[in-house]
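Architecture and fold: a report
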Amino acid sequence: MSTQQSYIPETVESGAQEYWVENASFRAIEDPGREKFYCLAMFPYPSGRLHMGHVRNYTISDVIARYQRMRGKNVLQPIGWDAFGLPAENAAMKHKVPPAKWTRENIDYMRVQFKRLGLAYDWEREFATCDPDYYRWEQWLFTRLFKKGLIYKKTAPVNWCPHDLTVLANEQVIEGCCWRCDTPVERREIPQYFMKITGYAEELLAGLDKLDGWPEAVRTMQRNWIGRSEGVELAFTVVGSDGKSTGEELRVYTTRPDTLMGVSYVAVAPEHPLAVRAAKNNPKLAAFIEECARMETSEAAMETMEKKGVDTGLEAIHPISGERVPVFSANFVLMGYGEGAVMAVPAHDQRDWEFAHKYGLPVKQVIAPADDEEIDLAKQAFATKGVLVNSGEFTGLTSRQAFDGIAAKLEKDGKGNKRTNYRLRDWGVSRQRYWGAPIPIINCDSCGTVPVPEKDLPVVLPEDVSFDGVGSPIKKMPEFYETTCPKCGGKAERETDTFDTFMESSWYYARFTSPDNSEAMLDERAHYWLPVDQYIGGIEHAILHLLYARFFHKLMRDEGLVKGDEPFAKLLTQGMVLKDGVKMSKSKGNTVDPQALIDKYGADTVRLFTMFAAPPEQSLEWNDDAVEGASRFLKRVWRLVHDNSRLPALKQWYADGAKIEANALSAGQKKLRAEIHGLLDQAGRDVEKYQFNTVVAAAMKMVNALGQVDASDDPVFAEGVDLLLRLLSPIVPHITHDLWQVLGQQSSILDAAWPQADAAALVRDTIELVVQVNGRVRGKISVAAGVAKDVVEQAALADENVQRFTKGKNVVKVIVVPGRLVNVVVK
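Residues numbered from 1 in each chain as written. Predicted model: local features only at pLDDT ≥ 70, side-chain atom pairs only at ≥ 80, totals over all residues. Heavy atoms only, no water.

Glancing now at the pattern of salt bridges. Side-chain pairs of opposite charge can arise whenever the charged atoms involved come near each other. On inspection of all chains with the given rule, the structure shows 55 salt bridges. D352 serves as the salt-bridge partner of R351, at 3.5 Å between the closest nitrogen and oxygen. A relative accessible area of 3% places D352 in the buried class. A salt bridge links K689 to D686, with the nearest nitrogen and oxygen atoms 4.0 Å apart. (Salt bridge = Lys/Arg side-chain N within 4 Å of Asp/Glu carboxyl O. Buried < 20%, exposed > 50% of the residue type's maximum accessible area, 1.4 Å probe, protein only.)

Structure, rendered in C-alpha cells:
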C-alpha cells in the first residue's frame, strides 16, 4: 500500500505485484462446486521483446479473466511459449548461437515483461513447447494414431533449396528463389508423414454451426477452407500417340458436370505419371516439366502466374460423346489436388478460356443464359449456370437437371459417379528442419517404419548443436540417428524430420489443465477446465491454427483424453495496432516500444490506453496524446482517494458498513447517485459485450461527477468511489489494488464482487427534459418522474425562455419523447 500523495506508478505497481506473488493470487485450483472460467490468449512466440500487438492481445485476455473472477467464477488463465520454429533457426545463424539458447534467453526476458504488465497468470502452469516433458506427449499420441492408421507416409512434392538443403514453405519462395540465399528453388518429391484430417472433414464442417460464440467471418473462412462440394468423378480413357487406347483411365472431379459436353482438352499436372512417361520421347515436354519443378505453388502465385502448358501427344476419349480431346500438361494443375487432372471447358471457365485462346484450342458453348442474356464468348467465358445447348440428349435441361442426368448416365455406363469432395487436404506434419520436436519413428530396412516404443519416449532433440543453416544438424549426428529396430533388433535409423510447429500449438490449451502430470498426456483435470471458455487471438490464425486445434481435440476425444467436441467455446479476434493508419511492424519502422511506455507511465496507463482507444475487435490507432490522457486520468483517480479532506470520511464509511440510507439523501444526492448508478448500469451491459472502451468512458464520467461533490462526508461520494474502483479493477489492477487498501479494506480488491447498479437508485423522483422549439433547444424543465404527458406539455409551454420563442405564434403540436425531450412545433 502506498501512502504518498503523488501517484508514482513504479512504486504502486511493484507493491501490487509483490502482493500477488506472496499470496499466490492467480493460482488456479479445480473446484467442482464452483463455475469455472478458462480464459486463454494464443500463446506467444518468444521473439525477445514485446510489441504493442502483444500488449493489446494479452491485456484484453487479462481484463476478461479478472472481470470473470469478480463475477465469482473459478478462473484459469495460463501462459506458455510457442517455442519451436524457423525464426529461431534464422536467429541462430545470425547470432551464432544454438536455437535452444536463443529461445530460452528470450523466454526469460519476455517473462519479466509480461509480469511487469501485471497479467494475472498462473505461472505454476507455465511451459515451453520445446520442453521434452511437453512434446513427449504429442510423440506418444502420434505413435498411437500411427498404429490406428490415422497417420501415414507418402511421397509428396516440396519446395527444396539446393543450397541450404532445406524445405521451404510457399511463402519463403520469392519469384522462384529461396528467400534467404536467392538460389532457384526446386520441387522435389520426398517421403513425408500425413495426418488424416480429411477423415474428420464433415465433422469439422458441421461443428462450425454450433460455434455461435465465434465470429461469423472466422466460421466462413473455415467453411471455405474445408471446401465441401457436390460433384461427379468421371473417367476419360487414354489414347497413346499411336492412336490406340492404352486402357488407362484418366480420372477427374468436377462440380460442373452440366458442362461436360463442352470439354475441349484435358490438363494434367507436370509431375503426373502420364506426363512424365510422355516426356521421355518429348524434349519440349521434358523441359516444361523441369521448369515447373521450380515453380511457386502458393494459392496467390497460382492465381496470378501466366498459364502455360505443353501438348503431351496423348488424347483422352470423352466418356459420353466418344470424341477425342488432347491431353496437355499445364502449370496450373497440382498433383496434390484430386487426381492431378482436370477437364477443361473453355466456354464456361475463365482459366480454361485463357489457356484455350493461348494455344488455339476449341471453345464450345454448351450452356446458355436462362434469361436469354447476350453473351460474347470471344471476350470471356460464361461461367454462370443456365440451360444446356449443343449437348445431345441433355440439350434443354437446366444446369441442375443436367447435374443429375449426366451423373446418372455416367454411373449407368460405369464411367463415373456422384461424389462429395473437399478442398481440405491431409495435414503434412513433416518438416525437414532442425528446431522442432523429433518425429518418433525408426526406419528399418527389414521392418519399414516402426513407431518408437512408449518406454523410449520422449525422443529428445539435441540442443547443444552447431547451426550453420545448411541442412539439419541432427542429420549429421550419428549419435542421434543411429539406433536399433524395436522389432527385429537390427541396425536402423531414427527419423530426422521434425514436426510442423502447428502440432505443438494444436493441443497446448489442453496441457495447461494438467501441466505437471509426468505419467499421462492429460488427466481428469482436463474434464473440469475444458473447453476453453474464451479464446483470444489474431484473425491471421483464423484458418490453420484453429482448424488444426479443432482436429486435434477430436483426436484426443476419440482417445478418451478429453470430453466434448470442440476446444474453444468463444473466440475473440482482436484488431491490429496501427500508427498513421499502417500496421505497426519493424519493417515499416513505425513501432512503439511498450517497455519504454511502461517505464515512463506505468503498466496501468498502457493497459488503460489499449482498452480505451477502441473496442477489441477493431483496429487501434496509436495516439501519443491519448496515452498522456490515460496517465492524467489515473492521477485524477489517485487524487480522488488521497484528498486529505475526504480520506478519513471514506475510511469511516467502510468502517460503518459501507451502507447508503437512500431515504436520508437530499434531492441533489439522489440525483448524483442516480447518475453514477446509471453509468454503472450501462457499463455492466457493455462489459458483457467486452466493449471495454465504453466501460472506461463510463468510469471517466463517474470521476467527473464525483469531482463536483462538496461535502467531505457525503455517503454518495464514498459509495461512488467504491463502485469506481471495482469498475476499473480489471483494467488497471495495480492502482485499484493500492487505493483499495488505502481505504482500509482488509481483503484484496481481486476478491471484491463486480459492482452492480442499484435499480432503486435509477428510479428518479424528478427528471430533466430538454425543450426544443422547431427542433432547436430553447430550455430545460424538471418534472416528476412518470408524470402524465399533458403535464409535461404544460410545463414546457410555461417555461419562460420557451415562451420567448412561441410568443405571437401558433402552436401546431407538442411532441413528447418520454425521459428525453419535448419539441414544440410552431408556425
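Estimated volume of the second largest pocket: approximately 1400 Å³. Taken together, 38 residues form the lining of the second largest pocket, with Y253, F332, Y337, V342 and R351 sitting closest to its centre. Elements that contribute at least two residues to the lining of the second largest pocket include exactly β8 (228–239), β9 (245–254), α10 (299–304), β13 (341–344), α11 (350–359) and β16 (416–422). Of the residues that constitute the lining of the second largest pocket, the class distribution is 13 nonpolar, 11 polar and 14 charged. (1 Å grid on protein atoms, 1.4 Å probe; cavity = no way out; pocket = protein on both sides within 12 Å on 5 of 7 lines; lining within 4 Å. Points joined across faces, edges and corners; volume = space filled by probe spheres on them. Helix = DSSP H or I, 4+ residues; strand = E, 2+ residues; numbered from the N terminus. Nonpolar A, V, L, I, M, F, W, Y, C, P; charged D, E, K, R; others polar.)

So, about the pairing of strand β30 (residues 776–784). In this sheet, β30 lies alongside strand β29 (residues 766–773) in antiparallel orientation, the contact comprising eight bridges. Bridging across to β30, L769 finds its partner in I781. Two successive antiparallel strands, β29 and β30, enclose a turn made up of two residues, where N774 displays a positive phi of approximately 50 degrees. (Pairing = 2+ DSSP bridges.)

For the bond running from L457 to P458, omega is 0 degrees, close enough to zero to count as cis. By the element assignment, P458 lies in the loop between β20 (448–451) and α13 (478–481). Following L530, the chain continues to P531 via a peptide bond in cis, the omega torsion being 0 degrees. Turning to its location among the elements, P531 is positioned in the loop between α16 (525–529) and β24 (534–538). At A658, a position not held by glycine, the phi torsion is positive, near 50 degrees.

Here we take up the state of the cysteines. Here the structure, examined in full by the defined rule, presents zero disulfides. No disulfide involves C292; its sulfur sits 16 Å from the nearest other cysteine sulfur, which is in C177. No disulfide involves C444; its sulfur sits 3.7 Å from the nearest other cysteine sulfur, which is in C488. (Disulfide = S-S within 2.5 Å.)

Among the nonpolar cores identified, the biggest contains 179 residues, and M195, M521 and M556 are the most heavily contacted of them. Not counting residues within four places of it along the chain, the set of residues in contact with M195 comprises L145, L150, I151, D426, W427, V429, M503, F551, F552 and L555. Counting 39 residues, the second-largest nonpolar core is a separate cluster that includes L250, A275, F382 and F394. (Core = buried A, V, L, I, M, F, W, Y, C linked by side-chain atoms within 4.5 Å. Contact = heavy atoms within 4.5 Å.)

Moving on: the packing of aromatic side chains. Tallied over the entire structure, the rule returns 38 aromatic pairs. Judged by centre distance (5.8 Å) and plane angle (45 degrees), the ring pair of F84 and Y135 falls under tilted. Of the two residues, F84 sits in the loop between β2 (74–76) and α3 (86–95) while Y135 sits in helix α5 (residues 132–148), which places them 51 residues apart along the sequence. Look at W427 and Y548: their rings are 3.8 Å apart centre to centre, the planes differ by 5 degrees, and that puts the pair in the stacked class. Linking W427 in strand β17 (residues 427–428) with Y548 in helix α17 (residues 544–558), this pair joins segments that are 121 residues apart in sequence. The same class applies to W427 as to Y548, namely buried. Every member of this aromatic cluster is reached through a ring pair, and the members are F43, F127, Y134, W507, Y508 and F512. (Phe/Tyr/Trp six-rings, centres within 6.5 Å; stacked < 30°, edge-to-face > 60°.)

It is worth spelling out the sheet that holds strand β19 (residues 441–444) at this point. In space, the four strands of this open sheet follow the order β20-β19-β22-β21, with antiparallel pairing throughout. Since the sheet does not close on itself, it has two edges, and those belong to β20 and β21 (482–484), each with one partner. Adjacent strand axes in the sheet meet at a mean angle of 40 degrees when their direction is disregarded. Most of the contacts of α5 go to β20, to which it runs at about 130 degrees, and overall it touches β19 and β20. (Axes fitted to C-alpha atoms, helices over the stretch in contact; angles between N-to-C directions.)

What follows deals with a positive patch on the surface. A contiguous patch of positive charge, built from R632, K635, R636 and R639, is present on the exposed surface. Within the secondary structure, R636 is located in helix α20 (residues 624–642). (Patch = residues over 30% accessible without salt bridge, like charges linked within 9 Å, V, L, I, M, F, W, Y side chains within 5 Å. Areas by Shrake-Rupley, 256 points an atom, 1.4 Å probe, with all protein chains shown as cover. Lys, Arg positive; Asp, Glu negative; His and termini not counted. Charge placed at Lys NZ, Arg CZ, Asp CG, Glu CD.)

The quantities given are spatial measurements derived from coordinates; they are silent on function.
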